[in-house]
There are 2 protein chains.
Amino acid sequence: MTEQDVKLNFETMEAGDFKAFVKAMADYITEYLENIRDRQVVPSVKPGYLRPLVPEQAPQQSEPWTAVMADIERVVMSGVTHWHSPRFHAYFLTASSYPAIVADMLSGAIACIGFSWIGSPVCTELEVIMLDWLGQMLGLPEQFLARSGGEAGGVIQGTASESTLVALLGAKARIMQRVKEQHPEWTDSDILSKLVAYCSKQAHSSVERAGLFGGVKMRCLKTDNKRRLRGDIFQEAMDEDINKGLIPFYVVATLGTTASCTFDALDELGDVCLSRNVWLHVDAAYAGSAFICSEYRYLMKGVEKADSFNFNPHKWMLVNFDCSAMWLKQPRWVVDTYYMDPLYLKHDQQGLAPDFRHWQIPAGRRFRALKLWFVLRMYGVENLQKYIRKQIALAHLFEKLCTSDNRFEIIEEVTMGLVCFRLKGSNEINEELLRRINGRGKIHLVPSKIEDVYFLRLAICSRFSEESDSHISWEEVKISADEALAQK
Amino acid sequence: MTEQDVKLNFETMEAGDFKAFVKAMADYITEYLENIRDRQVVPSVKPGYLRPLVPEQAPQQSEPWTAVMADIERVVMSGVTHWHSPRFHAYFLTASSYPAIVADMLSGAIACIGFSWIGSPVCTELEVIMLDWLGQMLGLPEQFLARSGGEAGGVIQGTASESTLVALLGAKARIMQRVKEQHPEWTDSDILSKLVAYCSKQAHSSVERAGLFGGVKMRCLKTDNKRRLRGDIFQEAMDEDINKGLIPFYVVATLGTTASCTFDALDELGDVCLSRNVWLHVDAAYAGSAFICSEYRYLMKGVEKADSFNFNPHKWMLVNFDCSAMWLKQPRWVVDTYYMDPLYLKHDQQGLAPDFRHWQIPAGRRFRALKLWFVLRMYGVENLQKYIRKQIALAHLFEKLCTSDNRFEIIEEVTMGLVCFRLKGSNEINEELLRRINGRGKIHLVPSKIEDVYFLRLAICSRFSEESDSHISWEEVKISADEALAQK
């Protein structure tokens, strides 16, 4: 390698080009979002559709940004499912907002890796403070917050699934230590084979998966007739398992289940956990954002008894994915158990501030606190509350329209932005209804099934949703029902 | 909730504001990056510095974007470690480029969750194709690529740590099934307690951590005198373990170790793995990008024997974090073992395209293929090759400067963008040297230690680095050495 090679200019995009490209993209994005209603919500493409649209190999020479921009509609938009359209009612919503997009630009330019405090002090410190802000907004007890001065505090995880797993790993470490003290003669694998964790049958599939990843039994317990995991059911299950020689150590309480947005009886579960010394993790991935409105906090009564709490600002708080907020009362069970501290990551300030790589599964991490900071400041708590209340009101509007048609029934109390409904009658007619709704291509819904009752879920997903959109969605449902019933 | 509430306007940032904000941010970012050399590379702040600079709570009312923008220097930049400064030589580099930043804007606006194909077909399909592009650029054997038509293919993980863990989980599933067939009388925990995985002592700390997460023994093996894990050492370790009744099942070969950028003897390890049916995972997190230059592919000789391969375009290929490229020959071991398929995530095209949530730990995922697409097109393969070669040449330039001063020694062959050097003499004098270098505040390095020899690592990290920067960094090192030796 000669020195001349050093001078090779590899750069293709200079600052001026970047500014022009950014401007074009900002224009495109606003045009896209402001007119998103006009797009077909789910694209009519089949698997494999994309290969013929792009070259088989990366180009050897650089292409101008205008060439890339010119391909966005043809290549990208032809295959996008438009999650931010008011016609999109599937799953739960995911966040997108202008302030978060701009924050991510800055995060991308700073592009630090926040694995340790020294890796970029502001990346860690802003995260600690933002999680304190958030925790206060939700009314979380002080004992979860870093500002309380102890080891407790919040951290941004990528997803709720990772939070559930991190909490499970912490709980596992805690119980292993406790049992080893009581039974020094048992091996790790003796103990491990006895561990048992719990969740509701209605918990998210990632909870069961966390059990598989963590190598422990996960029992999915039955609920009461309101799809809530209750204290007595949990206690009975534990007694059963203890009698079999097993060791209960972890339970996930879901606040806002994916299937029908019900809330486990956190207060009851908390009492049982305290009496049995079981780690209680709260998965409020979707519904947690609503706790910034005090009228919904009754749904998290008992939260002070939990060991860890998680919700996703990247769902319902306008902070783009990925931003899953998690608080731990005793992060030491995760930090100490999976601690790795090679020389190249050591620094002089260790112990005085968290090194967040120890709080999570991956080693690396982006500067994600920026988007929280931008969103919280540029909306302000009051506007975020308005947003939550508006979406819940839109769900109630759809519910009202639905109940005004006596062919339909609402199958779960509407508390948040989700309406679970069905045609009175068989599962088959409801499967047909959904096929027709999605087949018409105007709106998009997904189904769920609880105890063999198949139903449709309509989630309010777009920050652009207005009353008129609920009416349009209802018209689509009604017309599809007319067709389905006529055919039958 | 009355209908009037529905009309509440929660929006605070409209499209026009967004465009103005984006323009201001683009101006700020280019100004920041083009003048990044002038900033102190590591900020002189202490843990806790940020709390007094921001309010204790989130604001109730929205603030204008100009207020946020006005705080960037004061609040954010005061605590940033500038990873993209040519003065930054710590760890390994992390990527940032203009095309990737713009791609992330679009990803943030589309803001789909690509957990299933139907969640946004282009999100899955573009990822499949981009990983084919990338694989071809690296010269990976066809049997890793989706275009080969089988189950194999690539996926974007968040980090190399997650890739190592995902591969370990796949390997664990494969061996569990095999052993159960041979010993149906053994329980899962019998088998689990016998499993043993391997890596080099020089492997990244996340490899050992993957063993902890996966609940299996991880043996960190000694290397040869060039810090390479060799086939015979590996084979001996396995024989030892088999004699103890253990079951070897997984090994991580590192191509480009973090401590000193050495390369395990992949070809030898591959032969051993084939003969013993052990899963071979390649962690080429940093160095993998260099394989787009054919002159470096000798370092991955034997890659066709691996079961999985991983490298980070978010390190050395100008694609912003997070973008860790992983290929699996048999993804089924991960997909099938941790498969969860609730009704609300089912769709009609299952089996015809990958649902990438099954290939990873988290359930949710962003549209990350966009930034790969933008970067590959807007740089083109040739410019990316120039970039790699330029950075390696800059490392060689520093090496030359270092060897021209006979007080210094190079302690590892320089093959990539990392120079490992030290003052001839004691560890103490080198610790003092590093203290002085970092204390002067002009450049930033971290140390490493192998077999009790402490040394300094100088990594070329910035895409803005030029020859003159290598000279400046060398001057800093030399002056600090003068001081350290004078004091002694």
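Residues numbered from 1 in each chain as written. Chains lettered and ligands numbered in written order. Predicted model: local features only at pLDDT ≥ 70, side-chain atom pairs only at ≥ 80, totals over all residues. Heavy atoms only, no water.

Undergrad: How do you make sense of the relation of the copies chain A and chain B when you look at a structure like this?
TA: For the pair of chain copies, the relating transformation is a rotation about an axis with a translation along it. For these two chains of identical sequence, chain A goes onto chain B by a turn of 180° and a shift of 0.0 Å along the axis, with RMSD 0.0 Å. Classification of the inter-copy transformation places it as that of a two-fold axis. Of the residues that chain A buries at the interface, 100% are likewise interface residues in chain B, meaning the two copies contact each other through the same surface. (Least-squares fit on C-alpha atoms with pLDDT ≥ 70 in both. Contact = heavy atoms within 4.5 Å.)

Undergrad: When you look at the sheet that holds strand β11 (residues 453-459) of chain A in this model, what are you seeing that I'm missing?
TA: Residue and element names in this part refer to chain A. The strand order across the open sheet built from four strands is β8-β9-β11-β10, with neighbouring strands paired in antiparallel fashion. Edge positions in the open sheet fall to β8 (408-410) and β10 (446-450), since each of these has one partner strand only. Geometrically, the sheet is characterised by an average inter-axis angle of 40° between neighbouring strands, direction not taken into account. Sheet strands in contact with helix α14 (residues 427-440) are β8, β9 (418-423), β10 and β11, and its direction is about 30° off that of β11. (Pairing = 2+ DSSP bridges. Helix = DSSP H or I, 4+ residues; strand = E, 2+ residues; numbered from the N terminus. Axes fitted to C-alpha atoms, helices over the stretch in contact; angles between N-to-C directions.)

Undergrad: What should I look at first to understand the packing of helix α6 (residues 160-182) of chain B against helix α8 (residues 205-214) of chain B in this one?
TA: Each pair of packed helices can be summarised by the angle the axes make with each other and by the distance between the axes. Residue and element names in this part refer to chain B. For the pair α6 and α8, interaxial distance at closest approach is 9 Å and the crossing angle is 45°. In terms of orientation, α6 lies oblique with respect to α8. The interaxial crossing formed by α6 with α8 has right-handed handedness. Residue-level inspection shows Ser161, Thr164, Leu165, Leu168 and Lys172 of α6 in contact with α8, the latter providing Ser206, Val207, Ala210, Gly211, Phe213 and Gly214. For the contact of α6 with α8, the class distribution of residues is five nonpolar, five polar and one charged. (Parallel < 35°, antiparallel > 145°, perpendicular 65-115°, else oblique. Left-handed = near helix turned anticlockwise from the far one by under 90°. Nonpolar A, V, L, I, M, F, W, Y, C, P; charged D, E, K, R; others polar.)

Undergrad: What am I meant to see in the pairing of strand β7 (residues 324-328) of chain B here?
TA: Looking along a regular strand, one sees side chains alternate from face to face of the sheet. All names here are of chain B. Counting buried positions along β7 yields five of five residues, so the element is predominantly enclosed. Side chains Ser324, Met326 and Leu328 project from β7 onto one buried face, and the interleaved Ala325 and Trp327 project onto a second face that is buried too. Direction of pairing for strand β1 (residues 153-157) relative to β7: antiparallel, over a ladder of five bridges. By the bridge assignment for β7, Ile156 is matched with Ala325. In terms of strand pairing, strand β6 (residues 308-311) meets β7 through four bridges, oriented antiparallel. Paired with Phe311 across the strands is Ala325, a residue of β7. (Buried < 20%, exposed > 50% of the residue type's maximum accessible area, 1.4 Å probe, protein only.)

Undergrad: Got a minute to help me understand the sheet that holds strand β5 (residues 279-283) of chain A in this structure?
TA: Residue and element names in this part refer to chain A. Pairing in this open sheet of seven strands is mixed, and the strands run β1-β7-β6-β5-β4-β2-β3 from one edge to the other. Every other strand in the sheet has two partners, leaving β1 (153-157) and β3 (217-221) as the edge strands with one partner each. The sheet shows a mean angle of 20° between the axes of neighbouring strands, direction not considered. Bridge count for strand β2 (residues 195-200) against strand β4 (residues 247-254) is five bridges, and the pairing is parallel.

Undergrad: Looking at this model, I keep getting lost on the interface of chain A and chain B. Mind explaining?
TA: Interfaces are often described in size by the accessible area the parts lose on coming together. Every contact between the two is made by 158 residues of chain A and, on the other side, 159 residues of chain B. In total, chain A and chain B occlude about 14600 Å² of area from one another, counting both sides; carbon and sulfur atoms represent 67% of this. On the surface where chain A and chain B come into contact, there are 10 salt bridges. Across the salt bridge formed by Arg377 of chain B and Glu63 of chain A, the nearest N and O atoms sit 2.8 Å from each other. Summed over the shared surface of chain A and chain B, the result is 55 residue pairs in polar contact (both at pLDDT 80 or more). The element that contributes the greatest number of residues to the side of chain A that touches chain B is helix α13 (residues 369-403) of chain A, accounting for 19 residues. For the side of chain A that touches chain B, a count of residues per class yields 93 nonpolar, 34 polar and 31 charged. (Buried area = accessible area lost by both parts, 1.4 Å probe. Salt bridge = Lys/Arg side-chain N within 4 Å of Asp/Glu carboxyl O. Polar contact = N/O pair within 3.5 Å; in protein donor to acceptor, adjacent residues only side chain to side chain.)

Undergrad: What am I meant to see in helix α15 (residues 467-487) of chain A here?
TA: Residue pairs spaced three or four apart in an α-helix point in one direction, given the helix's 3.6 residues per turn. Given a rise of 1.5 Å per residue, 21 residues ought to cover 30 Å, and the 31 Å separating the end C-alpha atoms of α15 of chain A matches this to within 8%. By the burial criterion, the buried members of α15 of chain A are Glu467, Asp469, Ser470, Ser473, Trp474, Glu476, Val477, Ser480, Ala481 and Ala484 of chain A. (Expected span 1.5 Å × (residues − 1).)

Undergrad: What should I look at first to understand the side chain of His84 of chain B in this one?
TA: Here His84 of chain B is to be found in the loop between α3 (65-76) and α4 (98-110). Judged by relative accessible area, His84 of chain B falls into the buried class, the value being 4%. A polar side-chain atom of His84 of chain B sits 2.9 Å from the main-chain carbonyl oxygen of Ala111 of chain A.

Undergrad: I keep staring at the domain arrangement of chain A and nothing clicks. Help me out?
TA: Split into domains, chain A comes out as domain 1 (3-34 + 43-80) and domain 2 (112-366). Distance from the C-alpha centre of domain 1 of chain A to the C-alpha centre of domain 2 of chain A: 40 Å. (Domains from an automatic or database assignment.)

Undergrad: Got a minute to help me understand the confidence of the model for chain A in this structure?
TA: For any part of a model where pLDDT is low, the fine detail of the predicted coordinates should not be relied upon. For chain A, mean pLDDT is 95; residues scoring 70 or higher make up 98% of the total. In the model, residues 1-7 of chain A has pLDDT below 50 throughout and makes 12 contacts with residues more than four positions away in sequence or in other chains. (pLDDT = per-residue confidence, 0-100.)

Undergrad: Can you walk me through the nonpolar core in this structure?
TA: A general feature of soluble globular proteins is that nonpolar side chains tend to end up buried together. Among the nonpolar cores identified, the biggest contains 268 residues, and Phe309 of chain A together with Phe309 of chain B are the most heavily contacted of them. Residues Met176 of chain A together with Leu165, Leu192 and Trp279 of chain B belong to the second largest nonpolar core, which totals 75 residues. (Core = buried A, V, L, I, M, F, W, Y, C linked by side-chain atoms within 4.5 Å.)

Undergrad: Sorry if this is basic, but what is going on with unusual backbone geometry here?
TA: Where the residue is not glycine, phi is negative for most of them; where a peptide bond is considered, it is trans in most cases. Here the bond from Phe321 of chain A into Asp322 of chain A is cis, since omega is 0°, no more than 30 degrees from zero. Residue position: Asp322 of chain A is located in the loop between α11 (313-316) and β7 (324-328). Positive phi outside glycine occurs at Glu451 of chain A, with the angle close to 45°. Tracing the sequence through the fold places Glu451 of chain A in the loop between β10 and β11. Of note in the backbone geometry, Asp452 of chain B takes a positive phi value of approximately 65° without being a glycine. Structurally, Asp452 of chain B is set in the loop between β10 (446-450) and β11 (453-459).

Undergrad: Is there a simple way to think about the environment of Ala95 of chain B in this case?
TA: Position of Ala95 of chain B among the secondary structure elements: in the loop between α3 and α4. The exposure class of Ala95 of chain B is buried, given its relative accessible area of 3%. Each C-alpha atom of the pair Ala95 of chain B and Cys420 of chain B lies 22 Å from the other, and the pair is 325 residues apart in sequence. Setting aside residues up to four positions removed in sequence, Ala95 of chain B forms contacts with Ala111 of chain A together with His84, Pro313, His314, Lys315, Leu318, Val319, Asn320 and Phe321 of chain B.

Undergrad: Any chance you could explain the packing of aromatic side chains here in plain terms?
TA: Think of a pair of aromatic rings as described by two things: how far the centres are apart, and how the planes are tilted against each other in angle. Counting across every chain of the model gives 42 aromatic pairs over all chains. Ring plane angle 80° and centroid distance 4.9 Å describe the contact between Phe115 of chain A and Tyr91 of chain B, whose orientation is recorded as edge-to-face. One end of the pair, Phe115 of chain A, is in the loop between α4 (98-110) and α5 (121-138); the other, Tyr91 of chain B, is in the loop between α3 and α4, on a second chain. By relative accessible area, Phe115 of chain A is classed as buried at 11%. The exposure class assigned to Tyr91 of chain B is buried, which follows from its relative accessible area of 5%. One residue, Lys194 of chain A, lies across the ring of Trp186 of chain A, its end atom 4.6 Å from the ring centre. When the ring centre of Tyr98 of chain A is taken as reference, the NZ or CZ atom of Arg463 of chain A above it lies at 4.8 Å. (Phe/Tyr/Trp six-rings, centres within 6.5 Å; stacked < 30°, edge-to-face > 60°. Lys NZ or Arg CZ within 6 Å of the ring centre and 35° of its normal.)

Undergrad: In this structure, what is going on with helix α14 (residues 427-440) of chain B? I would like to understand it.
TA: All names here are of chain B. The end-to-end C-alpha distance of α14, which contains 14 residues, comes to 20 Å, matching closely the 20 Å that a straight helix rising 1.5 Å per residue would cover. When we look at burial in α14, the residues that qualify are Asn427, Ile429, Asn430, Glu432, Leu433, Leu434 and Ile437. On the buried face of α14, the contacting elements are β8 (408-410), β9 (418-423), β10, β11 and α15 (467-487). A positive backbone phi angle near 80° is found at Gly441, which sits one or two residues after α14.

Undergrad: Please explain the UniProt feature "modified residue: N6-(pyridoxal phosphate)lysine" (unreviewed entry) in chain A as it appears in this structure.
TA: Residues and elements named next belong to chain A. As annotated by UniProt and renumbered to match this structure, "modified residue: N6-(pyridoxal phosphate)lysine" (unreviewed entry) occupies Lys315. Tracing the chain through its elements places Lys315 in helix α11. In this structure, Lys315 is in contact with Phe92, Leu93, Thr94, Ala95, Ala285 and Tyr286, ignoring residues within four places of it in sequence. (UniProt positions renumbered as here; feature names shortened; annotations may be inferred.)

Undergrad: Explanation requested: a negative patch on the surface in the structure shown.
TA: On the surface, a cluster of negative charge is contributed by Glu14 and Asp17 of chain A together with Glu31 and Glu34 of chain B. Structurally, Asp17 of chain A can be placed in helix α2 (residues 15-34). (Patch = residues over 30% accessible without salt bridge, like charges linked within 9 Å, V, L, I, M, F, W, Y side chains within 5 Å. Areas by Shrake-Rupley, 256 points an atom, 1.4 Å probe, with all protein chains shown as cover. Lys, Arg positive; Asp, Glu negative; His and termini not counted. Charge placed at Lys NZ, Arg CZ, Asp CG, Glu CD.)

Undergrad: Even after reading the chapter, I still don't get the environment of Ile129 of chain A, so can you show me in this structure?
TA: Relative to the elements of secondary structure, Ile129 of chain A occurs in helix α5. For the pair Ile129 of chain A and Pro354 of chain A, spaced 225 residues apart in the sequence, the C-alpha separation amounts to 12 Å. Filtering out sequence-adjacent residues up to four positions away, Ile129 of chain A remains in contact with Leu50, Arg51 and Val54 of chain B.

Undergrad: It is not clear to me how the environment of His89 of chain B should be interpreted in this structure. Could you clarify?
TA: Residue and element names in this part refer to chain B. In this structure, His89 sits in the loop between α3 and α4. As a C-alpha pair, His89 and Leu418 span 329 residues in sequence and 8.8 Å in three-dimensional space. Within the local environment of His89, its side chain forms a polar contact with the backbone oxygen of Pro86, the two atoms lying 3.4 Å apart.

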